[in-house]
Amino acid sequence: MNYIQVLTIAGSDSGGGAGIQADLKTFSALGCFGTSVITAVTAQNTLGVRSVHGIPVTIIKDQLQAVLDDITPLAIKIGMINRAEVVDVIETELKNYAVNVPVILDPVMVATSGHRLIESDTVNQLVEKLFPIVSLVTPNIDEAIILSGQEINNLYDMVAAGKKIIEKGAKAVLVKGGHLAGPIIYDVLISGAEIPLVLESVFIASKNLHGTGCTLSSAIAAEMAKGNNLLSAIKNAKNYISRALQAGSEVKTGEGNGPLNH
Ligand code: PLP
């Protein structure tokens, strides 16, 4: 018997709700075995991010090589990348190892609390170097605005922004509409030249939303590692998020924006 091995390349959240900690919990909950390459350590809790320390690139490279040499992943999730040199290492190693499994890129930029998690010049590097080699990019509305240069106020804008992100080299993009108000949440999936798909889910009221984006992208990676195609993996991952949001909605962890309940 083999584990369903999934790798996350992301930042650590000392508060346990987002980043590597959310990813590993998600992998486990979905029946996968998680490995992790830590790109940065954040000091944060439910109230916000206090500081960010970038892990030296030589150590990031060593972690990646150690995992890829021995514990071959069936899918990879990429989260917080705070500096351009980290983009370079990831691009180089994924190419060196001829990685040919689904890679889900969550283009993490700003925490809900407002703290920047990426240097501004690194956004262009993400687009140029990682978009062409990943299977799916999962921006929220704010990230989609930055990546596309398109204002987003409604579903039509989300589709237009998604198309622009595809034009920039992404193979597929899931524009997540969770931050637009309304009783139904709309996400837009655009896969290559295919007609955009609108995926609906019921809005779940919760004050605990910390780590939602991290969890969704790692759930998609886990579901693809289990053999699901992109669309099924996204649908399963959205169901997982809805359940975890619902289960965590009344839980008090700290004084602020708490985690989902996996
Ligand atoms: N901290 C880390 C390490 C993250 O990777 C992320 C998001 O991806 C966040 C914080 C932000 O989480 P949120 O915006 O859900 O609070």
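Residues numbered from 1 in each chain as written. Predicted model: local features only at pLDDT ≥ 70, side-chain atom pairs only at ≥ 80, totals over all residues.

Labelled according to an unreviewed UniProt entry, the chain appears under the name hydroxymethylpyrimidine kinase, originating from Pedobacter terrae. Per its UniProt entry, the chain bears the Pathway (unreviewed entry) comment "Cofactor biosynthesis; thiamine diphosphate biosynthesis." (UniProt positions renumbered as here; feature names shortened; annotations may be inferred.)

Draft legend 1. Local environment of the overall build of the chain. Broken down by element type, the chain carries 8 helices and 9 strands. Since a compact globule built from 262 residues should have a radius of gyration of about 18 Å, the 17 Å found for the chain is in line with a globular shape. Its C-alpha atoms give the chain principal-axis dimensions of roughly 45 × 45 × 40 Å. Burial analysis of the chain (262 residues in total) assigns 48% to the buried set. Counted over contacts in the chain with a minimum sequence separation of 6, partners at least 24 positions apart contribute 68%. (Helix = DSSP H or I, 4+ residues; strand = E, 2+ residues; numbered from the N terminus. Rg over C-alpha atoms; globule rule 2.2 N^0.38 Å. Buried ≥ 20, exposed ≤ 12 C-beta atoms within 10 Å, placed from the backbone. Contact = placed C-beta atoms within 7 Å.)

Draft legend 2. Representation of the pairing of strand β1 (residues 5–13) within the structure. Of all 9 residues that make up β1, 8 are buried, and the element is covered over most of its length. Traced from β1 through helix α1 (residues 19–29) to strand β2 (residues 33–45), the parallel crossover comes out right-handed. Both β1 and strand β4 (residues 75–78) contribute to a ladder of 4 bridges, which runs parallel. Across the sheet, the residue bridging to Val6 is Ala75, located in β4. (Right-handed = clockwise from strand over helix to strand, strands pointing away. Pairing = 2+ DSSP bridges.)

Draft legend 3. Just the nonpolar core, in detail. Grouped together as the largest cluster of nonpolar side chains are 73 residues, with contacts concentrated most on Val6, Val173, Ile220 and Ala221. Excluding residues that lie within four positions of it along the chain, Val6 makes contacts with Phe27, Cys32, Gly34, Pro73, Leu74, Ala75, Ala221, Ala222 and Ala225. (Core = buried A, V, L, I, M, F, W, Y, C linked by C-beta atoms within 7 Å.)

Draft legend 4. Spatial organisation of the site of the ligand. In the vicinity of the ligand there are 17 residues, among which Gly11, Ala18, Gly19, Ala111 and Thr112 approach most closely. Secondary-structure elements contributing two or more residues to the shell around the ligand are β1 and α7 (212–225). (Near = placed C-beta within 6 Å.)

Draft legend 5. Expanded view of helix α6 (residues 155–167). Compared with an ideal rise of 1.5 Å per residue, which puts 13 residues at 18 Å, α6 spans 19 Å between its outermost C-alpha atoms and is within 8% of the ideal. Residues Asp157, Met158, Val159, Ala161, Gly162, Ile165 and Ile166 constitute the buried set of α6. For α6, the secondary structure elements touched by its buried residues are β6 (136–137), α5 (141–148), β7 (172–176) and β8 (184–191). (Expected span 1.5 Å × (residues − 1).)

Draft legend 6. Here's a closer look at the packing of α1 against α7. One way to put it is that α1 packs onto α7 with a least axis distance of 9 Å and a crossing angle of 40°. With respect to α7, the axis of α1 lies oblique. The two elements α1 and α7 meet at a crossing, and its hand is right-handed. Along its contact with α1, which presents Gly19, Ala22, Asp23, Thr26 and Phe27, the element α7 presents Cys214, Thr215, Ser218, Ala219 and Ala222. Class assignment for the residues of the contact of α1 with α7 results in 5 nonpolar, 4 polar and 1 charged. (Axes fitted to C-alpha atoms, helices over the stretch in contact; angles between N-to-C directions. Parallel < 35°, antiparallel > 145°, perpendicular 65-115°, else oblique. Left-handed = near helix turned anticlockwise from the far one by under 90°. Nonpolar A, V, L, I, M, F, W, Y, C, P; charged D, E, K, R; others polar.)

Draft legend 7. Layout of the packing of α7 against helix α8 (residues 230–248). Close contact between α7 and α8 brings their axes to 8 Å; oriented N to C, the two are set at 135°. Classed by the angle they form, the pair α7 and α8 counts as oblique. Considering the relative orientation of α7 and α8, their crossing is right-handed. On α8, the residues that touch Thr212, Thr215, Leu216, Ala219, Ile220, Glu223 and Met224 of α7 are Leu230, Ala233, Ile234, Asn236, Ala237, Tyr240, Ile241 and Ala244. Across the contact of α7 with α8, the residue classes tally to 11 nonpolar, 3 polar and 1 charged.

Draft legend 8. Unusual backbone geometry, seen in detail. You will see that Ala98, though not glycine, has its phi angle at about 45°, which is positive. In this fold, Ala98 is placed in the loop between α3 (84–96) and β5 (103–105).

Draft legend 9. Region of the structure containing the environment of Gly192. Looking at where Gly192 falls in the secondary structure, it is placed in the loop between β8 and β9 (197–202). Linking Gly192 and Ala170, residues 22 residues apart in sequence, is a C-alpha distance of 7.9 Å. With sequence-adjacent residues up to four places away left out, Gly192 is seen in contact with Lys171 and Ala172.

Draft legend 10. Seen up close, the environment of Val173. For Val173, the location among the structural elements is in strand β7. Separated by 21 residues in the primary sequence, Val173 and Ile152 have C-alpha atoms spaced 15 Å apart. Leave out the neighbours within four places in its chain, and Val173 touches Val137, Gly162, Ile165, Ile166 and Ile190.

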